[in-house]
There are 2 protein chains.
Amino acid sequence: MKKAILLVIDGLGDLPTPKTPLQAAKKPNLDRLAKEGITGMLAPVGRFIVPGSDTSHLQLLGYDPEIYYCGRGPLEALGVGIKLQEGDVAFRANFAAIQGDKITDRRAGRIDTATAAKLAKYVPKQVDGVQIIFKTSVEHRGALVLRGPGLSCCVSDTDPHALGEMGECHPLDDSPEARKTADIINRFTTFAMDALSKAPENKKRPKPANVILLRGAGHYKKLPSFHERFGFNAVCVAGGALYRGVASYLGMDVAMVLGATGDKNTDLAAKAKAAVKALGQYDFVFMHVKGCDSAGHDGDFAGKKKMIERLDKEAIPLLAKSGACLVITGDHSTPVSLKAHSGHEVPIIVYGGERKDDVKKFDELSCAKGGLGHIRGKDVMPLILNITERAEKYGT
Amino acid sequence: MKKAILLVIDGLGDLPTPKTPLQAAKKPNLDRLAKEGITGMLAPVGRFIVPGSDTSHLQLLGYDPEIYYCGRGPLEALGVGIKLQEGDVAFRANFAAIQGDKITDRRAGRIDTATAAKLAKYVPKQVDGVQIIFKTSVEHRGALVLRGPGLSCCVSDTDPHALGEMGECHPLDDSPEARKTADIINRFTTFAMDALSKAPENKKRPKPANVILLRGAGHYKKLPSFHERFGFNAVCVAGGALYRGVASYLGMDVAMVLGATGDKNTDLAAKAKAAVKALGQYDFVFMHVKGCDSAGHDGDFAGKKKMIERLDKEAIPLLAKSGACLVITGDHSTPVSLKAHSGHEVPIIVYGGERKDDVKKFDELSCAKGGLGHIRGKDVMPLILNITERAEKYGT
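Please read all numbers here as calculations on a predicted model, not as lab measurements.

Q: Any chance you could explain the overall build of chain A here in plain terms?
A: Along its length, chain A carries 15 helices and 15 strands. Over its C-alpha atoms chain A spans a radius of gyration of 22 Å, differing by no more than 12% from the 21 Å that the globule rule assigns to 396 residues. A principal-axis box enclosing the C-alpha atoms of chain A has dimensions of 65 × 50 × 35 Å. Considering chain A as a whole, with its 396 residues, one finds that 56% of them fall into the buried category. Within chain A, counting contacts between residues at least 6 apart in sequence, those at least 24 apart form 71% of the total.

As structure tokens, this is what we get:
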């Protein structure tokens, strides 16, 4: 049976200034795929709706976020490799520097990954019988999980999302579970501050990593796996924790690729090689590239254009000759001029198993004339099932 | 934050005979906006569904008529300036001439606005303890409201919608409320006929305005306001009562513009100036122009073409240089060849905050190739929120 690669280029779409990064980039390989395949425009969540990365990826992979979105915390926790259990409440976490009750640096002086990992050992492992699992990922980032009976994700962030006063965790509903969870988070935060402030690794740091800020609480719940729903044995090739987390949440395997960093220096050739190699063992590869989104958020037109050009040169030729059906799109637009996600569609190429159109370039203007027309995130998995000849007939 | 003008050209779309009025009209300004902006086709309610003006405007402004449509009566009543209360039952009303039990003129001899307003004072103010509010608008038209406990909108029209026998008001369900309301309407109709027949203003009229015909009963209910739902401080610039009524229903302010008559002689420049001036105080302007729809209903190709040309010359340049994002479309097609609403899409231009396409003209054929593709009425408010950078991200 035919296999598939879904390549999601994060934040791909843009607005013309007067060209978009895709229009400005030299990308002969992507343009060749557009010419030899079929193109269109994709609204990942709904027309003109501004997608988050988490909801968009769920939808692209066939999971309606209205039903399956569990909050960002569990996806990040899964992404850093924590094995979650039904009922766990998880948060995004990050080390920050605090002085008195004021956050003075939300990244704890841009702490390095190795030092952050060392500091994790001082963080309390339980509060009042509730188990606490904390794991760092890259630099100041990490995830934190509460495990125990009677917990709720209806609690506020302690991360103030800006410099200034540290937030207290509040219950967001009247349940005893929310009150208990907020209380545990507040006590945990105090214990962690005490322990981290005394840590020898923090002694010489002008901005010590002496507090853990939490946000994005979510309740983990098992769901029907990608394999159960679509029949694919799937693997994820991604640098960023969130994308690995989404894949884990759906029961996909996650490939470990040396050099896949989730930033602009990621080793795209290594990722493409890993994706193609994975086709020996798997029949669906979800490959994610983050750099375009980060450049969009930074307002960095040249950086976004360069990331597209690197991808075109270092990854696309390998993927194109893999023999698998290849679907290339984005999870949302991150226009350089807006430095934020937007509700503008993203272009999509389908190469293999589909008709052809007469579009010759892969960009926002050309693909708007593509043969697929305007499709939605929820159409992507049916599309992939159809072109890989795996779709079940509806009726007889 | 960016502001928006939504210009609805009523009944804009048409069928080719062999050109459509939009294709035949000289409209350099609209064509320039099509060229510099992005275009598409809009199905206001759903593909191939024939919209009413009321349901279509609700949907374009983000209110699903399946949920929020309250019948035409309350919208007309709000449009003529009656302040409705929860539970009020409202009707469209018009003066007619009756002889015996036969309607001889449904417009009471095309009665003028001033005489109609004078006659209103003879109309009963209550029947059986139910308060009656009657207000005239233009010529024979007006609205009537019943206010009191235990009323229902499940009652038939008394307007026979043709010459001939006057209708009796029947309950349309078995409820005591419907029976009571029908009874009150029938008694009101008799009292009003008596009083109007004796009115001195009617003595010399060959077709006296001696009866009030009612239709479109609806029950008024408060709904979440446009401001609550979308965050815009919005104002309506419209001549027609229905459009002002829809705006009032959603909690928008309604601008009073001298010369905005809602017919083909309306002062379009005054309306455009008012719309642009309103941007000082408001961040969303809903502007409505009626003339194209009326010409469509009359089968008047030249009149529809001329209205488009007047709009292009007298209003579009002002709106285009206002600095606000500009969305121009129709609420439905009213093809001249059909003299009625139809389910054909209407073209749409989005100017500002969006991508561009290579469409160069604003008409039904050109915009079908536009970069927006085929969108729906329910997409319009998400579109406007997106281009004005007000959309909330779904997920993180």
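Anyway, onward from the coordinates.
Q: Honestly, the pairing of strand S9 (residues 211-219) of chain A in this entry has me stumped. Any pointers?
A: Each regular strand shows side chains that alternate between the opposite faces of the sheet. Residues and elements named next belong to chain A. Within S9, 8 of the 9 residues are buried, which leaves it mostly tucked inside the rest of the structure. Bridging between strand S3 (residues 89-99) and S9 involves 7 bridges; their strand directions are antiparallel. In the sheet register, Ala-96 faces S9, and the bridge partner there is Val-211.

Q: Mind showing me how you'd approach the domain arrangement of chain A here?
A: Many analyses report the size of an interface as the accessible area lost when the parts associate. Residues and elements named next belong to chain A. Looking at chain A, the domain boundaries give domain 1 (4-69 + 223-387) and domain 2 (76-219). Centre-to-centre separation of domain 1 and domain 2, based on C-alpha positions: 32 Å. Residue-level contacts link 6 residues of domain 1 with 6 residues of domain 2. Partitioning the side of domain 1 that touches domain 2 into residue classes produces 3 nonpolar, 2 polar and 1 charged.

Q: Help me understand the interface of chain B and chain A, please; the structure alone is not making it clear to me.
A: With 16 residues of chain B at the interface, the matching set in chain A holds 27 residues. In terms of residue count, helix H14 (residues 377-387) of chain B provides more of the side of chain B that touches chain A than any other element does, 4 residues in total. Residue composition of the side of chain B that touches chain A, grouped by class: 5 nonpolar, 5 polar and 6 charged.

Q: Sorry, what's going on with the nonpolar core here?
A: The nonpolar side chains of a soluble globular protein tend to be buried with one another. Among the nonpolar cores identified, the biggest contains 265 residues, and Val-237 and Leu-326 of chain A together with Val-237 and Leu-326 of chain B are the most heavily contacted of them. Setting aside residues no more than four positions away along its own chain, Val-237 of chain B makes contact with Ala-255, Val-257, Ala-260, Lys-271, Ala-274, Ala-275, Ala-278, Val-285 and Met-287 of chain B.

Q: In this structure, what is going on with the sheet that holds strand S1 (residues 4-9) of chain A? I would like to understand it.
A: Two modes of strand pairing occur in sheets, parallel and antiparallel, and in both the strands are linked by backbone hydrogen bonds. All names here are of chain A. If you trace the 8 strands from one edge of the open sheet to the other, you get S11-S10-S12-S1-S13-S14-S2-S15, paired in mixed fashion. Sheet topology places strand S11 (253-254) and strand S15 (374-376) at the edges, where each strand pairs with a single neighbour. Note: strand S2 (residues 38-43) against strand S14 (residues 346-351), 5 bridges, orientation antiparallel. Directly across from Thr-39, in S14, lies its bridge partner Ile-349.

Q: Would you explain the relation of the copies chain B and chain A in this entry?
A: There are two copies of the chain, and a rotation about an axis plus a shift along that axis relates them. By a simple turn and slide, chain B fits onto chain A: the slide is 0.0 Å along the axis, the RMSD is 0.1 Å, and the turn is 121°. Both copies of the chain, as the preceding transformation shows, are related through a three-fold rotation axis. Little of the interface of chain B is mirrored in chain A, where only 6% of its interface residues are also at the interface.

Q: Which parts of the structure should I look at to understand the sheet that holds strand S15 (residues 374-376) of chain B?
A: Within the open sheet, the 8 strands sit side by side as S11-S10-S12-S1-S13-S14-S2-S15 (chain B). Their pairing is mixed. Each edge of the sheet is formed by a strand with only one pairing partner; in this case those strands are strand S11 (253-254) and S15 of chain B.

Q: Sorry if this is basic, but what is going on with unusual backbone geometry here?
A: Peptide bonds are, in most cases, trans, and in most cases residues other than glycine have a negative phi. Of the consecutive residues Thr-17 of chain A and Pro-18 of chain A, the connecting peptide bond is found in the cis state with omega at -10°. Along the chain, Pro-18 of chain A turns up in the loop between S1 and helix H1 (21-24).

Q: Got a minute to help me understand the environment of Glu-76 of chain A in this structure?
A: Residue and element names in this part refer to chain A. Within the fold, Glu-76 resides in helix H5 (residues 72-79). On the neighbour-count criterion, Glu-76 (32 C-beta atoms within 10 Å) is buried. When the C-alpha atoms of Glu-76 and Asp-183 are compared, they prove to be 23 Å apart, with 107 residues separating the residues in sequence. Excluding residues within four positions of it along the chain, Glu-76 makes contact with Arg-92, Ala-143, Ala-241, Leu-242 and Gly-245.

Q: Would you take a moment to explain helix H13 (residues 301-314) of chain A for this structure?
A: Since there are 3.6 residues in each turn of an α-helix, residues three or four apart along the chain are aligned in direction. Residue and element names in this part refer to chain A. An ideal rise of 1.5 Å per residue puts 20 Å on 14 residues; H13 measures up with 20 Å between its terminal C-alpha atoms. Within H13 the residues assigned to the buried category are Lys-304, Lys-305, Met-307, Ile-308, Leu-311 and Asp-312. One side of H13 carries all its buried residues, which in axial view fall inside an arc of 155°.

Q: Can you walk me through the packing of helix H3 (residues 53-60) of chain B against H14 of chain B in this structure?
A: Residue and element names in this part refer to chain B. Their axes nearest at 7 Å, the elements H3 and H14 cross at an angle of 30°. Along the contact surface, H3 presents Ser-56, Gln-59 and Leu-60, while H14 presents Gly-377, Lys-378 and Val-380. Here the contact of H3 with H14 is composed, by residue class, of 2 nonpolar, 3 polar and 1 charged.

Q: In this structure, what is going on with the environment of Phe-362 of chain B? I would like to understand it.
A: Residues and elements named next belong to chain B. Here Phe-362 lies in the loop between strand S14 (346-351) and S15. Phe-362 sits 141 residues away from Lys-221 along the chain, and the two C-alpha atoms are 38 Å apart. Excluding residues within four positions of it along the chain, Phe-362 makes contact with Leu-22, Lys-27, Leu-30, Asp-31, Leu-33, Ala-34, Thr-39, Pro-347, Ile-349 and Cys-367.

Q: For this particular structure, what's the right way to read the pairing of strand S2 (residues 38-43) of chain B?
A: Residue and element names in this part refer to chain B. With respect to burial, S2 is a largely interior element, 6 of its 6 residues being buried. Side-chain alternation along S2 places Ile-38, Gly-40 and Leu-42 on one buried face and Thr-39, Met-41 and Ala-43 on a second face that is also buried. In this sheet, S15 lies alongside S2 in parallel orientation, the contact comprising 3 bridges. Residue pairing in the sheet places Leu-42 in a bridge with Ile-375 of S15.

Reading guide: rules and limits
- Residues numbered from 1 in each chain as written.
- Chains lettered and ligands numbered in written order.
- Predicted model: local features only at pLDDT ≥ 70, side-chain atom pairs only at ≥ 80, totals over all residues.
- Helix = DSSP H or I, 4+ residues; strand = E, 2+ residues; numbered from the N terminus.
- Rg over C-alpha atoms; globule rule 2.2 N^0.38 Å.
- Buried ≥ 20, exposed ≤ 12 C-beta atoms within 10 Å, placed from the backbone.
- Contact = placed C-beta atoms within 7 Å.
- Pairing = 2+ DSSP bridges.
- Domains from an automatic or database assignment.
- Nonpolar A, V, L, I, M, F, W, Y, C, P; charged D, E, K, R; others polar.
- Core = buried A, V, L, I, M, F, W, Y, C linked by C-beta atoms within 7 Å.
- Least-squares fit on C-alpha atoms with pLDDT ≥ 70 in both.
- Expected span 1.5 Å × (residues − 1).
- Arc of directions from axis to C-beta.
- Axes fitted to C-alpha atoms, helices over the stretch in contact; angles between N-to-C directions.

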